[in-house]
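In case you want the letters, here they are:
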Amino acid sequence: MPAITLTNITKRWKNYFGVDNLSLEIPDNSFITLLGPSGCGKTTILRMIAGLETPTEGRITIGDNIVFDSDKGINVPPNKRKVGFLFQNYALWPNMTVYQNIMFGLKNIKEELPVVDVEAKRCTDIIRALQNGKRIKAEVTDCCDKNGKLDNNRAYVKLIDAFELSIFSAKTVFELKIHESDNPDEAAKKHRDEYEKKLAAIIDTHKAKGEELNKDFEVVKAGKVVTEVRKLTDEEMDSRLRHVAGIVKIGMFMDRYPAELSGGQQQRVAIARTLAPKPQVLFMDEPLSNLDAKLRLEMRYELQRLHVETGSTFVYVTHDQMEAMTLATKICLVQNGVLQQYAPPLEVYRRPENLFVADFVGNPSINFIDAKGAQKDDGSIELKIFDNVDIEFVPNEDIKISDWHQGRDYDLEKKKEQKAELMKDKHYVEKSNKDEVFKYHIAKIVEEDSSIKSEQVVTDEDFVLAIRPEAIGITGEEGLHTTIYGAMPTGMESTLKLRLGDYLLTSVIFGNTAYRIGEDMKINFTGDDILLFDRKSGMRIATGKIRLKLVK
């Protein structure tokens, strides 16, 4: 499977930017999730890669092939990009069986393909099945009902699964009536000899033409596989169909109609139909959103397994952070058409680049705390939180806050200069959906009306602490005095709302202890994954740990 590269991709409608100057590298055999809130541009990104949407500017390459380039005027149509697309609604034909639904996309393939000797392959498959006459008889006779009547269609499926045959080869083996013989091995050997002679004659014919067959029964001449522009043969289509049906475990549903299947089974049919044409990349646009919670969880495991078994590159759109965290090798988090972070799931969770990423990823949500202070000579940062609580933030890495601020200001100045340069171009379009620093939420008992709240002057002494709920632990010794404002036990853990003056904190406590609303307790901030953000830019400065300067 090829890598996908997006270079400076922009999609706008007049002055509204759906995707804004996005550059992205999707490696071979990766599982990438495009994550973000509704309307952030993730589906637009997917559709542009697939060719269903035309970018305004930029370049897209799939492997070594440029499929879109605004400067060179290249725009390869979707059917030539060899990608598969799995939609939110399954889009199955209700008047077609499962077999016909999967076969539908295969019948339309016409491209340069190797010349395959279908008859040689069929002979080889039948010879392989005829090695074991007793098993053929056992598989077929197992398809008799309690009255002894044989179900032919079920017998075909059993032979297909047992010997990895196409439907055509399975019918041929069935029609040899080996299951009716008293000595099935002897009957099988007699027919096997006939097919071995037939196969030898086919091979001799190729030799006479200076040709040979490789292991895939492709015709090879002068050391090269012979190709031609053609459609898939019935044997090839059925072989592909049976293979993908086996992967997603729907082989027994071939004669059913979509209305006769559950939601999960319909989803599997849609996946099989998408995989059958052997797309270079598989795109999925919220494919599990129509399923119930339990089935959605089961299908996540199936998609993980499918990714490993097929070796394909998966690009998956979702606004469900749990799906992104559990499925992805990398998460591409987008907001307002702008890439916020592109990293493995645990890195996005533990090292979010900015306040938006920290807030969006994690359930329950992260705790934001306004902090004010300055760095001391020993590198720690002395802060005041909750109006009157003094703490020290100790960074994990050596960092000089004044240097960090200088770097931030330099980057902001460079962006202003770049924008001023762009505005000189007569074709420049001003973005109407402006990018702003994320407005994080401080949880309080009484929420303030932001419409009447005056804007505060933000200085370099203003920071934001972000603490994951699992980093707030109960302590029996010294710590912050809090009161339980709410408690939600789930069995293996409890999610607590803790009141500290006018402020609320969310904590996750592991274990099955029962907590009472109104109960007093002391808490501390544990671990070294506490996050410190710059309030002015919203960017992460450092991770570290907190020392309370209190209170016993």
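The rules behind these values
Residues numbered from 1 in each chain as written. Predicted model: local features only at pLDDT ≥ 70, side-chain atom pairs only at ≥ 80, totals over all residues. Heavy atoms only, no water. Helix = DSSP H or I, 4+ residues; strand = E, 2+ residues; numbered from the N terminus. Rg over C-alpha atoms; globule rule 2.2 N^0.38 Å. Buried < 20%, exposed > 50% of the residue type's maximum accessible area, 1.4 Å probe, protein only. Phe/Tyr/Trp six-rings, centres within 6.5 Å; stacked < 30°, edge-to-face > 60°. Lys NZ or Arg CZ within 6 Å of the ring centre and 35° of its normal. Domains from an automatic or database assignment. Pairing = 2+ DSSP bridges. Contact = heavy atoms within 4.5 Å. Axes fitted to C-alpha atoms, helices over the stretch in contact; angles between N-to-C directions. 1 Å grid on protein atoms, 1.4 Å probe; cavity = no way out; pocket = protein on both sides within 12 Å on 5 of 7 lines; lining within 4 Å. Points joined across faces, edges and corners; volume = space filled by probe spheres on them. Nonpolar A, V, L, I, M, F, W, Y, C, P; charged D, E, K, R; others polar. Core = buried A, V, L, I, M, F, W, Y, C linked by side-chain atoms within 4.5 Å. Lys, Arg positive; Asp, Glu negative; His and termini not counted. Salt bridge = Lys/Arg side-chain N within 4 Å of Asp/Glu carboxyl O. Disulfide = S-S within 2.5 Å.

A.B. asks: Looking at this structure, I do not really get the overall build of the protein. What am I missing?
C.D. replies: Broken down by element type, the protein carries 14 helices and 27 strands. Rg of the C-alpha trace for the protein: 31 Å, well past the compact-globule value of 24 Å for 552 residues, more than 25% over. When the backbone C-alpha atoms are referred to their principal axes, the protein occupies close to 95 × 65 × 45 Å. Residue burial in the protein is summarised as follows: out of 552 residues, 46% are buried.

A.B. asks: Explanation requested: the packing of aromatic side chains in the structure shown.
C.D. replies: By convention here, two paired aromatic rings are described through the distance between centres and the angle between planes. Summed over all chains, the structure comprises 9 aromatic pairs. Here the aromatic rings of Phe 386 and Tyr 503 are separated by 5.2 Å at their centres, their planes lie at 55 degrees, and the arrangement is tilted. Taken together, the residues Phe 386 in the loop between β18 (381-385) and β19 (389-395) and Tyr 503 in strand β24 (residues 503-510) connect sequence positions 117 residues apart. Here the two residues Phe 386 and Tyr 503 agree in accessibility, since each one is buried. Counting every residue linked through ring pairs, the aromatic cluster contains Phe 31, Phe 314 and Tyr 316. The lysine or arginine in question, Arg 135, covers the ring of Phe 163, its NZ or CZ lying 5.2 Å from the ring centre. Directly above the aromatic system of Tyr 349 lies the positively charged group of Arg 468, at a separation of 4.1 Å from the ring centroid.

A.B. asks: What exactly am I supposed to notice about the domain arrangement of the protein here?
C.D. replies: Interfaces are often described in size by the accessible area the parts lose on coming together. For the protein, the assigned domains read domain 1 (4-82 + 279-343), domain 2 (110-231) and domain 3 (364-422 + 442-447 + 459-551). One C-alpha centre belongs to domain 2, the other to domain 3, and the line joining them spans 67 Å.

A.B. asks: Whenever I open this one, the pairing of strand β4 (residues 57-62) confuses me. Can you help?
C.D. replies: Two faces, one strand: in a regular strand the side chains alternate between the faces of the sheet. In terms of strand pairing, strand β1 (residues 4-13) meets β4 through 5 bridges, oriented antiparallel. For Leu 6, the partnering residue across the bridge sits in β4 and is Ile 60. Between the end of β4 and the start of strand β5 (residues 65-69), which pair antiparallel, lie 2 residues, with Gly 63 showing a positive phi angle near 65 degrees.

A.B. asks: How should the sheet that holds β5 be read in this particular structure?
C.D. replies: Strand pairing in a sheet relies on backbone hydrogen bonds. The paired strands run either parallel or antiparallel. One open sheet holds the 5 strands; their spatial order is β2-β1-β4-β5-β6, and the pairing between them is antiparallel. Both outer strands of the open sheet, β2 (16-26) and β6 (74-75), are each paired with one neighbouring strand and no more. As judged from the 4 bridges shared by β4 and β5, these two strands associate in the antiparallel manner. Residue pairing for β5: Ile 62 is matched across the bridge by Asn 65. The strands touched by helix α1 (residues 42-50) are β1, β2 and β4; relative to β1, the strand with the most contacts, the crossing angle is about 120 degrees.

A.B. asks: Would you explain empty space enclosed by the protein in this entry?
C.D. replies: Regions of empty space are outlined by a rolling probe, equal in size to a water molecule, passed over the atoms. According to the stated counting rule, one finds 1 cavity of 30 Å³ or more in the structure shown. Estimated volume of the largest cavity: approximately 40 Å³. Lining the largest cavity are Val 248, Arg 268, Ile 271, Met 299, Glu 302, Leu 303, Arg 305 and Leu 306. Counting residues per element, the ones that place at least two in the lining of the largest cavity are α9 (263-275) and α10 (293-310). The element that contributes the greatest number of residues to the lining of the largest cavity is α10, accounting for 5 residues. Tallied by class, the residues present in the lining of the largest cavity amount to 5 nonpolar, no polar and 3 charged.

A.B. asks: Teacher, can you tell me more about the nonpolar core here?
C.D. replies: In summary, soluble globular proteins display a tendency toward joint burial of nonpolar side chains. Core analysis: the biggest nonpolar cluster contains 66 residues, and Ile 102, Leu 159 and Ile 250 have the highest contact counts within it. The residues touching Leu 159, leaving out its near neighbours within four places in the chain, are Ile 136, Glu 139, Val 140, Glu 164, Leu 165, Ala 170, Val 173 and Phe 174. Ranked by size, the runner-up nonpolar core spans 44 residues in total, among them Leu 383, Ile 442, Ala 466 and Ile 467.

A.B. asks: Whenever I open this one, the environment of Ile 9 confuses me. Can you help?
C.D. replies: Relative to the helices and strands, Ile 9 is located in strand β1. The class of Ile 9 is buried, set by a relative accessible area of 0%. For the pair Ile 9 and Gly 58, spaced 49 residues apart in sequence, the C-alpha to C-alpha distance is 4.2 Å. Those residues in contact with Ile 9 that lie beyond four places of it in its chain are Val 19, Asp 20, Asn 21, Leu 22, Met 48, Pro 55, Glu 57, Gly 58, Arg 59 and Ile 60.

A.B. asks: Is there a simple way to explain the side chain of Glu 211 in this structure?
C.D. replies: Looking at the secondary structure, you find Glu 211 in strand β9 (residues 211-213). It is Lys 221 that comes nearest to the buried, bridge-free Glu 211 among opposite-charge side chains, at 4.4 Å. When neighbours within four sequence positions are excluded, Glu 211 is seen to be in contact with His 206, Val 219, Val 220 and Lys 221.

A.B. asks: So what exactly am I meant to see when it comes to the state of the cysteines here?
C.D. replies: What makes a disulfide is a covalent bond joining the sulfur atoms belonging to two cysteines. Taken as a whole and assessed by the stated rule, the structure comprises 0 disulfides. Free cysteine: Cys 143, not disulfide-bonded; nearest cysteine sulfur from Cys 144 at 7.3 Å. The exposure class assigned to Cys 143 is buried, which follows from its relative accessible area of 1%.

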